[in-house]
Amino acid sequence: MSDSEDGMSSEDEKFRFKPTFDLCELPAEVLKRVKALKNLQFGNIKHEVEYYHEIHKLDLKYKKLYDENNVKRKTIYLGEYEPTEAECEWKESDAADAVIDKLEGLEVDDKNLKGGNVKGIPNFWLTVFQNANETLLSGSLEQIDEPILKHLEDITLTLPEKNTGFTLNFHFAANEFFTNTVLTKEYELKSDFDPEDPLEFDGPEMFRSKGCKIDWKAGKNTSVKIIKQKVKQKGKGKGGPKFVTKEEKRDSFFNFFKPPKVPEDPKGEVDDEKQAQIAQDFDVGFSIKEKIVPRAVLYFTGEALEDDDDDDFEDESDDEDEDDDDE
């Protein structure tokens, strides 16, 4: 016990945090007033649900404007459109200038980047994902995935008319890894209160995700590892050694499209490991939607990483403050 706690007066003691008490201890007339407050709280919950519905209408309205710019963004980094001199004018911050100086000082080995014959912005999305891997993708991008992401041409967002979720669409050029031209990841949202426990509502929340089947070409699946095992022969004269092959799951970003299953019953049991996987899946999907897609150029240059570091620092400071308050 600290000296400050030893010297605490009886007056100070009255203001120490008190644990939740049993409502049955309250006088009947006080309990009735608490229930009245809960009815008012429920009224605010209904307002909050409507508030998020209105926000979704704004999301739909401005998504059309974002999409127009993002389509033009795509034509630039794919080399389909050459921006004018006026469109290229931008006053960089000191931090951005430092990044550009560093990029200009790098030796370029890729033959496609030599000789001043560069088309668009090579490896745009690959670079975005590499830079965002640790902060937003939970380190899920593996080296074996990188050749595939060189073929990623765009990531678009689909929003339904009602605020029931969103879909991420990953558009790929023809490649040697799979035949799909689009890979999708759908997230479902609960955007209304639970009638059985309405006061627990705290805004829309993701509760389920659904991936898609990837039509891998033979031997190109980065999410599995082929293991060849020697089979021991029994008896004599059975010929040479025989081998069997089996597939073993391997870490890969493309496991993102095969998320953990959530029980249909919202009250179904989920073990801690699976719960952690579900939470990570939701975090990655939300980060792609809210940060990577709208701010792709800043993750390409690395400038957005400074903001992410600042956010992490603030979160850590908040955690420390909470710990101090608990002591």
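Residues numbered from 1 in each chain as written. Predicted model: local features only at pLDDT ≥ 70, side-chain atom pairs only at ≥ 80, totals over all residues. Heavy atoms only, no water.

Turning to the side chain of Ser-252, a few remarks are in order. Inspection of the secondary structure assignment puts Ser-252 in the loop between strand S6 (242-249) and helix H7 (272-292). A relative accessible area of 6% places Ser-252 in the buried class. Here the side chain of Ser-252 touches Thr-222 through a polar contact of 3.0 Å, side chain to side chain. Looking at Ser-252, its side chain comes within polar contact range of the main-chain nitrogen of Phe-254, at 3.1 Å. Those residues within four positions of Ser-252 in sequence are excluded, and the remaining contacts are Ser-140, Glu-142, Asp-145, Thr-222 and Ser-223. (Helix = DSSP H or I, 4+ residues; strand = E, 2+ residues; numbered from the N terminus. Buried < 20%, exposed > 50% of the residue type's maximum accessible area, 1.4 Å probe, protein only. Polar contact = N/O pair within 3.5 Å; in protein donor to acceptor, adjacent residues only side chain to side chain. Contact = heavy atoms within 4.5 Å.)

Within a regular beta strand, the side chains point alternately toward one face of the sheet and then the other, so they alternate between its two faces. The alternating pattern of strand S3 (residues 182-190) places Leu-183, Lys-185, Tyr-187 and Leu-189 on a buried face, while none of Val-182, Thr-184, Glu-186, Glu-188 and Lys-190, on the opposite face, is buried. Judged from the five bridges that link them, S3 and strand S4 (residues 205-210) form a sheet pairing that is antiparallel. Paired with Tyr-187 across the strands is Ser-209, a residue of S4. (Pairing = 2+ DSSP bridges.)

Moving on, we come to a nonpolar patch on the surface. A cluster of nonpolar side chains, contributed by Leu-58, Tyr-62, Leu-65 and Tyr-66, occupies part of the molecular surface with about 410 Å² of accessible area. Within the element layout of this structure, Leu-58 appears in helix H3 (residues 28-77). By relative accessible area, Leu-58 is classed as partly exposed at 43%. (Patch = residues over 30% accessible without salt bridge, like charges linked within 9 Å, V, L, I, M, F, W, Y side chains within 5 Å. Areas by Shrake-Rupley, 256 points an atom, 1.4 Å probe, with all protein chains shown as cover. Salt bridge = Lys/Arg side-chain N within 4 Å of Asp/Glu carboxyl O.)

The sheet built from four strands is open, its strands ordered S1-S2-S3-S4 with antiparallel pairing. Of all the strands in the sheet, the pair left with one neighbour each is strand S1 (152-158) and S4. Sheet twist, expressed as the mean angle between neighbouring strand axes with direction ignored, is 20°. Here seven bridges tie strand S2 (residues 165-172) to S3, and the two strands are oriented antiparallel to one another. (Axes fitted to C-alpha atoms, helices over the stretch in contact; angles between N-to-C directions.)

Take the side chain of Thr-167 next. Among the secondary structure elements, Thr-167 is positioned in strand S2. Assessed through its relative accessible area of 17%, Thr-167 is described here as buried.

The next thing to look at is the packing of aromatic side chains. Tallied over the entire structure, the rule returns 23 aromatic pairs. On the basis of an interplanar angle of 5° and a centroid distance of 4.4 Å, the ring pair of Tyr-77 and Phe-124 is categorised as stacked. Residue Tyr-77 is found in helix H3, and its partner Phe-124 is found in helix H5 (residues 124-136); the two are separated by 47 residues along the sequence. Taken individually, Tyr-77 and Phe-124 each receive the classification buried, so the pair is uniform in this respect. Plain terms: the ring middles of Phe-170 and Phe-257 are 5.2 Å apart, the flat faces sit at 85° to each other, and that makes the pair edge-to-face. One end of the pair, Phe-170, is in strand S2; the other, Phe-257, is in the loop between S6 and H7, and 87 residues separate them in sequence. There is no split in this pair, since Phe-170 and Phe-257 are both buried. A cation sits over an aromatic face here: Lys-289 above Phe-166, 5.2 Å from the ring centre. (Phe/Tyr/Trp six-rings, centres within 6.5 Å; stacked < 30°, edge-to-face > 60°. Lys NZ or Arg CZ within 6 Å of the ring centre and 35° of its normal.)

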